[in-house]
There are 2 protein chains.
Amino acid sequence: MVLERASGGGGTTAIAAGHLYLGGGTRVQKACGFEDSADNMFDYIMQCADDPDEEKARLYCDRSVEHFDWLVSLGVPFKDSIYEQRCLMQPTDDGLIWSGNEKAWPFREKAAPAPRGHKVAQEDDAGPLLFAKLHQAVEAGGAEIRYDASVLTLVVGEGGRVAGAIVRQDGREQAIRARRGVILCAGGFAMNESMVSRHMPHLVGRAELIGNPYDDGAGIQMGMAARGAPIHMSEYHITLPFYPPASLTRGILVNAQGQRFVNEDSYHGRVGEAACRQPGGSVYLIADDACFGWPEMGFELAETAETIAELEAALGLPESMLQHTVEVYNRGARQGVDPLFHKQDEWLAPLDHPPFAALECSFGKASYMAFTLGGLHTRPDGEVLTTEGRIVPGLFAAGRTACGIPRSASGYASGTCIGDATFFGRLAGRAAALATPWDPAGA
Amino acid sequence: MVLERASGGGGTTAIAAGHLYLGGGTRVQKACGFEDSADNMFDYIMQCADDPDEEKARLYCDRSVEHFDWLVSLGVPFKDSIYEQRCLMQPTDDGLIWSGNEKAWPFREKAAPAPRGHKVAQEDDAGPLLFAKLHQAVEAGGAEIRYDASVLTLVVGEGGRVAGAIVRQDGREQAIRARRGVILCAGGFAMNESMVSRHMPHLVGRAELIGNPYDDGAGIQMGMAARGAPIHMSEYHITLPFYPPASLTRGILVNAQGQRFVNEDSYHGRVGEAACRQPGGSVYLIADDACFGWPEMGFELAETAETIAELEAALGLPESMLQHTVEVYNRGARQGVDPLFHKQDEWLAPLDHPPFAALECSFGKASYMAFTLGGLHTRPDGEVLTTEGRIVPGLFAAGRTACGIPRSASGYASGTCIGDATFFGRLAGRAAALATPWDPAGA
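Just so you know, the residues in each chain are numbered from 1, in the order the chain's sequence is written. The naming scheme follows written order: chains are lettered A onward, ligands numbered 1 onward. Owing to the predicted nature of the model, reporting of local features is limited to residues with pLDDT of at least 70; listing and counting of side-chain atom pairs is limited to 80 or more, with chain, interface and lining totals taken over all residues. Calculated side-chain values reflect all of the structure's heavy atoms, with hydrogen atoms and water omitted.

### Here we look at the domain arrangement of chain A
Residue and element names in this part refer to chain A. Domain annotation for chain A reports domain 1 (1-237 + 373-443) and domain 2 (241-360). One C-alpha centre belongs to domain 1, the other to domain 2; they are set 35 Å apart. Whether two residues are in contact is decided by their heavy atoms, any of which lying within 4.5 Å being enough. Facing the 21 residues of domain 1 at the interface are 23 residues of domain 2. Buried area is calculated as the accessible area (1.4 Å probe) missing from two parts once they are joined, with the contributions of both summed. Contact between domain 1 and domain 2 buries roughly 1,800 Å² in total, counting both sides, with carbon and sulfur atoms accounting for 55%. It is Arg86, Leu88 and Trp105 that lose the most area in domain 1 upon contact with domain 2, and together they represent 44% of the buried surface on that side. Close ionic contact of Lys103 with Glu346 constitutes a salt bridge, the shortest N to O distance being 3.6 Å. N or O atoms within 3.5 Å of each other form a polar contact, as long as, within protein, one can give a hydrogen and the other can take it, and as long as residues adjacent in sequence are counted only when both atoms are side-chain atoms. At the boundary of domain 1 and domain 2, one finds eleven residue pairs in polar contact (both at pLDDT 80 or more). Grouping the amino acids of the side of domain 1 that touches domain 2 by side-chain chemistry returns ten nonpolar, eight polar and three charged. Per the annotation, domain bounds derive from an automatic or database assignment of domains. Basic side-chain nitrogens of Lys or Arg form a salt bridge, by our definition, when they fall within 4 Å of a carboxyl oxygen of Asp or Glu. Residues are grouped as follows: nonpolar covers Ala, Val, Leu, Ile, Met, Phe, Trp, Tyr, Cys and Pro; charged covers Asp, Glu, Lys and Arg; every other residue, Gly included, is treated as polar.

Structural data, given as structure tokens:
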């Protein structure tokens, strides 16, 4: 039985761009000529957080191709083509994009770069199509789906076992017994102001929290009330969407000290996290006439000038700092190297075509968007764990109600949320379906 | 009744240096000629975290002088003198030190600097003396104190009320009923490897976690098991103890890019937090012959050289980066300004006396020490709160078992832990003592 609070299913997945982070040699990867392996993908994923879940990462990489094939078997279409542009929201229906930091330093040093962002074949947002196919499969499977059915609380019985839930539907409250288990899949908590201000206070008032209105943490809170342990609640994905145009990647990001602080060819999430932590607060993207373009997401010009020295003065940066930063950058770019942050050759070009522009990228001034990554601690099969590491009998969680593969702002890659949600959601569903039915004496 | 797991009381407080962060015009502050007010202290404290507890901060500042006087009334001695040196472990018995970031940018811009680290009058570590005086008062008050008495778990009764505890003493387990309440004061979780690796994974293997062996999170976990909400569990205090000698403050800290990243006259905790987050990992303290001295805590030389250019090459820093950093720093220092991070004039001196040295300060290579700041969410009176913000009836917490005034690595000040622990511990004790006795029917 599926209890859905909204009038239709899919949550944030159904309104997303529709990428899944998959690899290890999928059909699309092969067709596009990319080599990848489960081990290589694992080496990448393990770099994406200070505290990766090795067991989950191993499974996710080992069975990634199988997961892709399973999606295809449900009728989810993927085109065997790659969209090579650096993008935030891929406009095309191509099946593959570079959706993380695979090519960026230092990630590329420990894992051979391969694109793993698999987009469902649909222009613009493909989340609706992805969800439609999943939905069809659920319906065909014979599950009873109730919409506008709010789960109010879990019912916890003897030994801490989750025995069911109290559900409100059509104005009535009903107790529903779960014979095998309850799986919480209620999204994250981006829309819960009090949880956000508790766990990521520095985002408040500076970043726009995105998701669907039901990402209010209710699932996580119900799980906690049943003794589930929330982990990494202060982790989030944050984006500074300064590209496209990709050409701006040839610009440099500088802080209030006029220093660079990140390789600008990193994924926009890694850039966002670095940018929102800079001392003194100010962040500017410095571009010359050759690489300038207006960011699609609408950034404002902080200043323009005919020389870097004038731009430095206009921005109020410490004397000679920006000039030296640009000088070092340009010198390296001419030789195809970035001695500070090892930006890839393809994005290196000396900034020497006046006029010069500084785009306002300061946290609190520019557009930053974020969502939450923390959630219930679960085993790969979805069993929710307590603080002591014991299983809460009868309780499972998946999607952003659990903490999964994506768990750090500086290592996030597009597609890991839906990739993780569908992969581990499937495992949780299977584990719950195979659980020994619970039959309290006399029931 | 006091149930103490160790064979003697005091926990980490009893082995600490013995500073309390107090202000607003204490006797010692006045005698040393410093002006301070509750409002000014509040303006400082509110800058020390992204998510300060305004209610606690207000009370703590408003009643700080009274708290000082109360300590004096218990026989805790404070000398009316100030130790002006920049230090980690104050060797003297002077009553006052600068123990935070009061004079450092940007803190000084929003609150007039005043020293607030009050040390109990004792050379070297004064924690034992402080605790001896508190202990005497507890004994004189007639409390029953049981040592070697381990609380194993709380007993939770109807309505979630904490009704008492199960205690192991002399090999026997005993249930003890709490008529008014239980106050958890069992320290933090620096000694719990699994909690540390869960909540602050980047410290594992790189920072030494300090405290007493019983800082194992047991208090926090018991509180959580009774529905208490842990907050800011990923916050810690971390120190890069590069001074004394204070003269090294005239040096500059640079990262793998050869860039400065913090005002070096910040408190060592603020410096430690900034240093452990630098991209590329490497951090060096650059000193010239005029300011060099061997750090008391034992740092190693990374390189020495006759010129900054040679030092830059020897360290493998990107060409011209360190040279320019030093050039800008020296130019400013000659004019008494630090255009990048606004280090105070007294610590500004051009680095122009060869030879030059680079001290190894990289995270994972140099000595970093840390302890935990997260704990149970409490009201100012110590009542433990659930995730939903409801009071857990009969349960209180104080000290590092609760999350209090100190709650951020970049804003920590010495003395806030013991200051907070004694101040809010006292309020919790009073609140519990005044609570309506709980008398279940028939008991």
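### What to know about the sheet that holds strand β16 (residues 356-360) of chain B
All names here are of chain B. Only strands joined by at least two bridges in the DSSP assignment are considered to pair. Comment: elements are numbered from the N terminus, with helices defined as DSSP H or I runs of at least four residues and strands as E runs of at least two. Ordered by their spatial adjacency, four strands build an open sheet running β13-β14-β16-β15, and the pairing between neighbours is antiparallel. Edge positions in the sheet fall to β13 (252-255) and β15 (301-305), since each has one partner strand and no second. Neighbour-to-neighbour, the strand axes of this sheet turn through a mean angle of 25 degrees, independent of strand direction. Packing against the sheet, helix α9 (residues 308-315) makes contact with β14 (283-287), β15 and β16, and its axis sits at approximately 145 degrees to β15. The axes are straight lines fitted to the C-alpha atoms, using for helices just the contacting stretch, and the angles between their N-to-C directions are given from 0 to 180°. Those strands touched by helix α10 (residues 321-334) are β13 and β14, and its axis lies near 150 degrees from that of β13.

### Observations concerning the pairing of β16(B)
Residue and element names in this part refer to chain B. Burial here depends on accessible area, computed with a 1.4 Å probe over protein chains only, as a share of the maximum for the residue type. Under 20% is buried, over 50% is exposed, and the range in between is partly exposed. Where burial is concerned, most of β16 is hidden: five out of the five residues are buried. Burial of β16 is two-sided: the residues Phe356, Ala358 and Glu360 facing one way and the residues Ala357 and Leu359 facing the other way are all buried. In the sheet, β14 pairs with β16 via four bridges, with the strands oriented antiparallel. When the sheet's bridge partners are listed, Leu285 is paired in β16 with Leu359. Bridge count for β15 against β16 is four bridges, and the pairing is antiparallel. Along β16, the bridge assignment pairs Thr304 with Ala357.

### Overview of the pattern of salt bridges
Residue and element names in this part refer to chain A. On inspection of all chains with the given rule, the structure shows 38 salt bridges over all chains. Glu144 is paired through a salt bridge with Arg146; the nearest N and O atoms lie 2.9 Å apart. Using a relative accessible area of 40% as the deciding quantity, one classes Glu144 as partly exposed. Arg146 sits in the buried class, given a relative accessible area of 16%. Overlapping salt bridges, with partners in common, bring together Arg260, Glu264, Asp338 and Lys343 in one network.

### Points about the packing of aromatic side chains
All names here are of chain B. Each Phe, Tyr or Trp ring (for Trp, its six-membered ring) is paired with any other whose centre lies within 6.5 Å, and the angle between the two planes then decides the class: stacked below 30 degrees, edge-to-face above 60, tilted in between. A full pass over the atoms with the stated rule returns 25 aromatic pairs over all chains. Aromatic pair Phe292 and Trp294: ring centres 5.2 Å apart, planes at 85 degrees, arrangement edge-to-face. Among the residues examined, Phe292 registers a relative accessible area of 26% and is labelled partly exposed. Among the residues examined, Trp294 registers a relative accessible area of 52% and is labelled exposed. Between the aromatic rings of Phe423 and Phe424, the centroid separation amounts to 4.8 Å while the plane-to-plane angle is 75 degrees, which identifies the pairing as edge-to-face.

### What about the relation of the copies chain A and chain B?
Copies are brought into register by a least-squares superposition over C-alpha atoms of residues with pLDDT of at least 70 in both. Mapping chain A onto chain B calls for a rotation angle of 180 degrees and an axial translation of 0.0 Å; the resulting RMSD is 0.0 Å. Classification of the inter-copy transformation places it as that of a two-fold axis. A shared binding surface is used by both copies, with 100% of the interface residues of chain A retained as interface residues in chain B.

### Topic: the sheet that holds strand β6 (residues 150-156) of chain A
All names here are of chain A. Strand order in the open sheet made by the three strands is β6-β7-β8, with antiparallel pairing throughout. Both edges of this open sheet fall to β6 and β8 (172-177), since each of them pairs with a single strand only. On average, each strand axis in the sheet is inclined to that of its neighbour by 25 degrees, with strand direction left out of account.

### Describing the side chain of Lys343(B)
Residues and elements named next belong to chain B. With respect to the helices and strands, the residue Lys343 is situated in the loop between α10 and β16. Assessed through its relative accessible area of 3%, Lys343 is described here as buried. Side-chain polar atoms of Lys343 contact the backbone oxygen of Thr249, separated by 2.7 Å. A polar contact of 2.9 Å, which involves the side chain of Lys343, links it to the backbone oxygen of Gly251. In this view, Lys343 contacts Thr249, Arg250, Gly251, Arg260, Asn263, Glu264, Asp265, Tyr329, Asp338 and Leu348; residues no more than four positions away in its chain are not counted.

### Let's talk about the environment of Ala6(B)
All names here are of chain B. The residue Ala6 is located in the loop between β1 (2-3) and β2 (19-21) in this model. Assessed through its relative accessible area of 15%, Ala6 is described here as buried. In the structure, Ala6 is positioned 140 residues away from Arg146 in sequence and 9.5 Å away in space, judged by C-alpha atoms. Non-local contacts of Ala6, meaning those with residues more than four positions away in its chain, are made with Tyr147, Asp148 and Tyr214.

### Some thoughts on unusual backbone geometry
With an omega dihedral of -5 degrees, the bond running from Tyr243(A) to Pro244(A) counts as a cis peptide bond. When you line up the elements, Pro244(A) lands in the loop between β12 (236-239) and β13 (252-255). Between Pro244(B) and the following residue, Pro245(B), the backbone shows a cis peptide bond with an omega angle of 10 degrees.

### Quick look at the packing of helix α2 (residues 38-45) of chain A against helix α3 (residues 54-62) of chain A
Packed helices, taken two at a time, are described by the angle between their axes plus the distance between the axes. Residues and elements named next belong to chain A. One way to put it is that α2 packs onto α3 with a least axis distance of 8 Å and a crossing angle of 145 degrees. Crossing of α2 against α3: the hand is right-handed. Here Ala38, Asp39, Met41, Phe42 and Ile45 of α2 come into contact with α3, specifically with Glu54, Ala57, Arg58, Tyr60, Cys61 and Asp62. Class assignment of the residues belonging to the contact of α2 with α3 gives a composition of seven nonpolar, no polar and four charged. For any helix crossing, the convention is left-handed if the near helix is rotated counterclockwise from the far helix by under a right angle, and right-handed if that rotation is clockwise.

### Remarks on the interface of chain A and chain B
Every contact between the two is made by 34 residues of chain A and, on the other side, 34 residues of chain B. Summed over both sides, the interface between chain A and chain B buries roughly 2,900 Å², with carbon and sulfur atoms accounting for 54% of that surface. Joining chain A to chain B, the criterion identifies two salt bridges. As a salt-bridge pair, Asp51(A) and Arg198(B) come within 3.0 Å of each other at their nearest N and O atoms. Joining chain A to chain B, the criterion identifies 14 residue pairs in polar contact (both at pLDDT 80 or more). Contributing elements (two or more residues each) for the side of chain A that touches chain B: α6 (193-199), α7 (218-225) and α10 (321-334) of chain A. In terms of residues, the side of chain A that touches chain B owes the most to one element, α10(A), which gives four residues. Grouping the constituent residues of the side of chain A that touches chain B by class yields 14 nonpolar, twelve polar and eight charged.

### Details of the pairing of strand β17 (residues 369-372) of chain A
All names here are of chain A. Here β17 shows two buried faces, one formed by Met369 and Phe371 and the other by Ala370 and Thr372. Across two bridges, strand β10 (residues 208-209) lies against β17 in parallel orientation. Note on β17: the bridge partner recorded for Glu208 is Met369. Relative to β17, β12 runs antiparallel, the two sharing four bridges. What sits directly across from Thr239, in β17, is Met369.

### Some words on the nonpolar core
All names here are of chain A. Nine residue types can take part in a nonpolar core, namely buried Ala, Val, Leu, Ile, Met, Phe, Trp, Tyr and Cys, and a core is a set of them joined through side-chain atoms within 4.5 Å. Leu240, Leu253 and Ile286 are the most contacted members of the largest nonpolar core, which totals 76 residues. Here this core gets five residues from one element, more than from any other, and that element is strand β14 (residues 283-287). Ignoring any residue separated from it by four or fewer positions in sequence, one finds Leu240 in contact with Leu253, His268, Val271, Gly272, Ala275, Phe299, Cys361, Ala366, Ser367 and Tyr368.

### Structural notes on helix α8 (residues 268-275) of chain B
Residues and elements named next belong to chain B. By the criterion of burial, α8 is predominantly enclosed, with eight of the eight residues buried. His268, Gly269, Arg270, Val271, Gly272, Glu273, Ala274 and Ala275 are the residues of α8 that are buried. Residues of α8 that are buried make contact with β12 (236-239), β13 and β14.

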